[in-house]
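Report on the structure
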Amino acid sequence: MNDWIPVYQAAHSLEAHTLKGALESRGMAVKLQGEALAGALGELPMDVAQVTLLVQEKDWQRARTFLQDYQRKSQGTWHCGSCGEENDASFEICWRCGSGPEGPEQ
Ligand SMILES: [Zn+2]
């Protein structure tokens with residue numbers, strides 16, 4: 001009956017919650033997987049904890065369509081690998097912490 005199917009892997013907890021809210025506002029139930037680990041790790045940067053969005057089988061196609069649309073719209077932006085901030089494509093480094101898309105230079 002209630003089969004939860006992975007539909008999207010969010011880069012970090014913030015994105016997961018944003019998308020969860022968007023799907024729920026469209027009447028779909030959403031579960032997040034991986035967030036408990038993020039909470040347990042606590043001190044580590046957000047980006048180590050990828051969060052998987054799960055939806056029920058009956059909602060999967062709708063959720064997938066919505067998420068593909070979301071990804072298309074957000075193609076012009078990238079998420080900082082260091083602080084998780086969303087940056088416009090015109091920025092080569094994170095406006096917030098100065099890191100590149102792959103994280104801070106070593
Ligand atoms: Zn950053």
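Residues numbered from 1 in each chain as written. Predicted model: local features only at pLDDT ≥ 70, side-chain atom pairs only at ≥ 80, totals over all residues. Heavy atoms only, no water.

Points about the packing of aromatic side chains
One pass over the full model with this rule turns up one aromatic pair. Ring geometry for Tyr-8 against Tyr-70: centres 6.4 Å apart, planes inclined by 90°, an arrangement best described as edge-to-face. Linking Tyr-8 in strand E1 (residues 4-10) with Tyr-70 in helix H3 (residues 60-73), this pair joins segments that are 62 residues apart in sequence. (Phe/Tyr/Trp six-rings, centres within 6.5 Å; stacked < 30°, edge-to-face > 60°. Helix = DSSP H or I, 4+ residues; strand = E, 2+ residues; numbered from the N terminus.)

Thoughts on the coordination of the zinc ion
Around the zinc ion, the protein contributes the donor atoms Cys-80 (SG), Cys-83 (SG), Cys-94 (SG) and Cys-97 (SG), which lie 2.3 Å from the metal centre. Each of the four donor atoms bound to the zinc ion contributes to angles spanning 105 to 114°, and the resulting shape is tetrahedral. All donors to the zinc ion come from one chain, and their sequence spacing reads C-x2-C-x10-C-x2-C. Here the residue Cys-80 occupies a position in the loop between strand E4 (77-79) and strand E5 (86-88), and Cys-97 occupies one in the segment after E5, the gap between them amounting to 17 residues. A residue is classified by how much of its surface remains accessible, and Cys-80, at 3% relative accessible area, is buried. Of the residues examined, Cys-97 reaches a relative accessible area of 38% and is grouped as partly exposed. (Donors = N, O, S within 2.8 Å, 3.2 Å for Na, K, Ca; no water. Tetrahedral: all angles 85-135°; square planar, octahedral: opposite > 155°, others 65-115°. Buried < 20%, exposed > 50% of the residue type's maximum accessible area, 1.4 Å probe, protein only.)

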